[in-house]
Amino acid sequence: MSEKKLLILNQHQIEQKLDRIAYQILEDNFDEQEILIAGILPRGNHIAQRLKTILDGIAPFSSRLLSIELEKQSSTLQAKINFDVQECSNKVVILVDDVLNSGKTLAYGLAVFLDVPLKKLRTAVLIDRNHKSFPVTTDFAGVALSTVIKEHVDVVLDEDGQEDAVYLR
Ligand SMILES: O=P(O)(O)OC[C@H]1O[C@H](OP(=O)(O)OP(=O)(O)O)[C@H](O)[C@@H]1O
Ligand SMILES: O=c1cc[nH]c(=O)[nH]1
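The rules we used
- Residues numbered from 1 in each chain as written.
- Chains lettered and ligands numbered in written order.
- Predicted model: local features only at pLDDT ≥ 70, side-chain atom pairs only at ≥ 80, totals over all residues.
- Heavy atoms only, no water.
- Helix = DSSP H or I, 4+ residues; strand = E, 2+ residues; numbered from the N terminus.
- 1 Å grid on protein atoms, 1.4 Å probe; cavity = no way out; pocket = protein on both sides within 12 Å on 5 of 7 lines; lining within 4 Å.
- Points joined across faces, edges and corners; volume = space filled by probe spheres on them.
- Nonpolar A, V, L, I, M, F, W, Y, C, P; charged D, E, K, R; others polar.
- Pairing = 2+ DSSP bridges.
- Axes fitted to C-alpha atoms, helices over the stretch in contact; angles between N-to-C directions.
- Contact = heavy atoms within 4.5 Å.

Asks: Explain unusual backbone geometry to me, and be specific about the residues and the numbers.
Replies: A cis amide bond, omega -5°, links Leu41 with the succeeding residue Pro42. With respect to the element layout, Pro42 can be found in the loop between strand S2 (34-40) and helix H2 (43-58). Positioned with a positive phi, Ser74 is a non-glycine residue whose angle comes to about 45°. With respect to the helices, strands and loops of the structure, Ser74 is situated in the loop between strand S3 (62-73) and strand S4 (76-81).

The structure is reproduced here in structure tokens:
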């Protein structure tokens, strides 16, 4: 793997991408009273928090955060959630992660909601790569990035946003 790190998005650009995704979520859900934003830990959850903060400032609806932890157990992922999935009945859920690559992580995240009569489930990622192994797409993307499979996208997000960056290595 190459040792070179190429800056794809800086802190300001990440902010712009998240603002745009938040406006797209707003337009898609204008008539709602509350939406649920489910972040996949760790970085999807961080992005979900950022989106909630932006939406709280611009949207007529409220947003509630949900967290999904996907624990690796040999070749499968076990979902641990911090909410009662029945709370999502008849609600709009936005599933958020930092990177969409093969689609496996989002697929496990989506599976959490399969047995609940949701109103609508949408996905949002900061970086959408081009190496899907599963037919999983994203409704909202910060950037669609053409990469070669041996490359890796690193999303760095810190608490106050000062060190935020996306690198390709
Ligand atoms: O579409 P996929 O091929 O599933 O890849 C996307 C996932 O990969 C990364 O997490 P990773 O599995 O590297 O775990 P980490 O959160 O421990 O870094 C990233 O945060 C996504 O969740
Ligand atoms: O490039 C990649 C692929 C999977 N997960 C990441 O975080 N980056």
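Asks: Kindly report on the layout of surface pockets, identifying the contributing residues and their values.
Replies: The space that makes up the largest pocket amounts to roughly 600 Å³. As for the largest pocket, its lining consists of 26 residues, and the residues nearest its centre are Arg43, Lys72, Asp97, Val99 and Thr105. Of all the secondary structure elements, the ones that give two or more residues to the lining of the largest pocket are H2, S3, S4, strand S5 (92-100), helix H3 (104-111) and strand S8 (153-156). The element contributing the most residues to the lining of the largest pocket is S5, with 4 residues. For the lining of the largest pocket, a count of residues per class yields 10 nonpolar, 9 polar and 7 charged.

Asks: Hey, could you go over the sheet that holds S8 for me, with residue numbers and the actual values?
Replies: What the 3 strands build is an open sheet, ordered S1-S9-S8; its pairing is antiparallel. Since the sheet does not close on itself, it has two edges, and those belong to strand S1 (6-9) and S8, each with one partner. Geometrically, the sheet is characterised by an average inter-axis angle of 30° between neighbouring strands, direction not taken into account. The sheet contact formed by S1 and strand S9 (residues 165-168) spans 3 bridges and is antiparallel. Considered in S9, the bridge of Leu9 is made with Val166. Along the sheet, helix H1 (residues 11-28) contacts S1 and S9; its crossing angle with S1, the most-contacted strand, is approximately 30°.

Remember, this is a structural readout, not a statement about activity or role.
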